[in-house]
Amino acid sequence: MSPLTGTGTAGRVLAVKIDNVGFAQREQTGLNSADLVYVIQVEGGLSRYLAIFDSAHAPARVGPVRSARQTDIPLLAAYGKVGLAYSGAISGLLPDLAAANLLNITPASASRLFSNGGSDPTYIKPADVFAAYPDLAEAKDVGLRFGAAPSAGQPAASVSARMPSASFTFTASGAQWLVSVDGHAATTTDQGRMSADNVIIQHVHVVPGKYTDHNAGHPDNEVFSETTGQGLADFYRDGKVWHGQWSKASDTSPTDYTVNGAPMPLAPGRTWIVLEG
């Protein structure tokens, strides 16, 4: 059984940075095959996705692929040496990415694995990645627990989360949560409406990042979401919500998700985790 979904078998892991701004929202592909989707704040209060795929049920194509961020490195540290596919990064971050326990997969390092779609977006084929890199780490315990819902959950028809320049709404539909972004239903080009079996709103500190991007001709201040430490968390499954905590002792430790001190069991399936400041 996969420790990332509570279902099926555990495959090898590939993380992909996916664009989530403007035109890219209409060109997203493969997201409904992700085991987990992290929603991360970036510069200007915008958001990006870090989607986690495994080789047991990877989609044919994923994208649009975008650049890596400082938040990705400690967030992925608990997964072991997995692949991280991204389209580039600001110059200051490149040494940190090279030193991280990750296999960096970019158009510069593995151009054959990427393709263009439309006039600009970049996509990747996970099957090609898994074939090219057979030593990627298999899915491991990163702290998620699955099982029957605990008692005392409160009914919740929907949940909203905001970043300075982005908003997300998850609407209960049976046992699932339908995803809307910036007030619009979120869809993929290949799989229709995006959905999740679980939603975790993980309340984190969002602080200035280590580096500033000057490539656009003006300073573009990066931000960093602290996922090592502890804080509050809200858990949504089966049309209900539970309020609890998250804690992560070190970058490489699993994240403990708890309610009243006990592990919070999630519904088997796909989980979206919104890192909300």
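Residues numbered from 1 in each chain as written. Predicted model: local features only at pLDDT ≥ 70, side-chain atom pairs only at ≥ 80, totals over all residues. Heavy atoms only, no water.

1. Regarding the overall build of the protein
Heads up, the condition is: What counts as a helix is a DSSP run of H or I of at least four residues, what counts as a strand is a run of E of at least two, and both are numbered from the N terminus. Radius of gyration: C-alpha atoms only; globule rule: 2.2 Å multiplied by the number of residues to the exponent 0.38. Only protein chains enter the accessibility calculation, which uses a 1.4 Å probe. A residue is then buried if its area is under 20% of the maximum for its type, exposed if over 50%, and partly exposed in between.
Scanning the protein from N- to C-terminus turns up 3 helices and 25 strands. For 277 residues, the compact-globule estimate of 2.2 N^0.38 gives 19 Å, and the protein sits close to it at 17 Å. When the backbone C-alpha atoms are referred to their principal axes, the protein occupies close to 50 × 40 × 35 Å. A buried classification covers 54% of the 277 residues belonging to the protein.

2. Details of the pattern of salt bridges
Under the convention used in this document: A side-chain nitrogen of Lys or Arg and a carboxyl oxygen of Asp or Glu constitute a salt bridge if their distance falls within 4 Å.
Here the structure, examined in full by the defined rule, presents 8 salt bridges. A salt bridge links Arg48 to Asp19, with the shortest nitrogen-to-oxygen separation between them at 3.6 Å. With a gap of 29 residues between them, Arg48 in strand S3 (residues 47–54) and Asp19 in the loop between strand S1 (13–18) and strand S2 (36–41) connect regions that are remote in the sequence. The pair formed by Arg48 and Asp19 is uniform in burial state, with each residue classed as buried. Through salt bridges with shared partners, a single ionic network connects Asp19, Arg48 and Arg66.

3. Some words on the nonpolar core
Selection rule: The nonpolar core is taken to be a set of buried Ala, Val, Leu, Ile, Met, Phe, Trp, Tyr and Cys residues, with the residues joined through side-chain atoms within 4.5 Å. Throughout, a contact is declared for two residues whenever any of their heavy atoms are within 4.5 Å.
Counting residues in each nonpolar core, the largest one holds 41 residues, and the members touching the most others are Val16, Tyr49, Ile105, Ile124, Phe170 and Trp272. The contacts of Ile105, once residues within four sequence positions are left out, are Leu14, Gly83, Leu84, Ala85, Tyr86, Ala110, Leu113, Phe114, Ile124, Val129 and Tyr133. Membership of the second largest hydrophobic core comes to 38 residues, among which are Ala68, Tyr86, Tyr257 and Met264.

4. Details of unusual backbone geometry
In this model, Gly63 is joined to Pro64 through a cis peptide bond whose omega is -5 degrees. Note on placement: Pro64 falls in the loop between S3 and helix H1 (72–76). Positive phi, close to 55 degrees, is recorded for Asp182, a residue that is not glycine. Within the secondary structure, Asp182 sits in the loop between strand S12 (176–181) and strand S13 (184–185).

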